[in-house]
Amino acid sequence: MGNGLFPCEALANRLAPTKEIEVVPIMVERKHSTFNGLAAWRRHTFVFALFLLLSVAMTWPVAAQLGSAAYAGGRGDLWVHQWTFWWIKEALQSGSNPFFTPFLYAP
């Protein structure tokens, strides 16, 4: 009935067909890893640098001005969200309801 390594082994043996079939788990022991030591560090660094380079290349006009510009794709949604974040901060600091504002639809 096995060596008891897996709790479901006894159940599998009971559910096996009526012929004498024993379910034996196969244990594979890995002795060597392909991602160890300095080789893994170099590989991970290379992959990170590649993705960083691709990200900068695909967003180049914006990537050059990350600290000074905000890109909204030509739409006004960015400014609405920034105003909403500002209002929530102000409302929570003053103890007001962040879901109500007297600033909308003012004459």
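First, a word on what this report is: a plain description of the structure on this page. (Residues numbered from 1 in each chain as written. Predicted model: local features only at pLDDT ≥ 70, side-chain atom pairs only at ≥ 80, totals over all residues. Heavy atoms only, no water.)

## Description of the overall build of the protein chain
Then, number 1: Tallying secondary structure elements over the protein chain gives four helices and zero strands in all.
Then, number 2: Helices and strands in the protein chain line up, N terminus first, as α-α-α-α.
Then, number 3: When each of the 107 residues of the protein chain is scored for burial, the buried share is 7%.
Then, number 4: Taking contacts inside the protein chain between residues at least 6 apart in sequence as the whole, the part at least 24 apart equals 0%. (Helix = DSSP H or I, 4+ residues; strand = E, 2+ residues; numbered from the N terminus. Buried < 20%, exposed > 50% of the residue type's maximum accessible area, 1.4 Å probe, protein only. Contact = heavy atoms within 4.5 Å.)

## Things to note about the packing of aromatic side chains
Then, number 1: All told, the structure shown has five aromatic pairs when counted by the stated rule.
Then, number 2: Between Trp83 and Trp87 the ring centres are 6.5 Å apart and the planes differ by 10°, which places this aromatic pair in the stacked class. Note that Trp83 and Trp87 are positioned in helix H4 (residues 77–94) at a spacing of four residues, about one turn of the helix.
Then, number 3: Take Trp83: its relative accessible area is 31%, and that puts it in the partly exposed class.
Then, number 4: When its relative accessible area of 10% is taken as the criterion, Trp87 is described as buried.
Then, number 5: Each ring, one from Trp87 and one from Phe103, has its centre 5.5 Å from the other, and the planes form 90°; the classification is edge-to-face. Separated by 16 residues along the polypeptide, Trp87 in helix H4 and Phe103 in the segment after H4 bring together distant segments of the chain.
Then, number 6: Through a chain of ring-to-ring contacts, the aromatic side chains of Trp83, Trp86, Trp87 and Phe103 assemble into a single cluster. (Phe/Tyr/Trp six-rings, centres within 6.5 Å; stacked < 30°, edge-to-face > 60°.)

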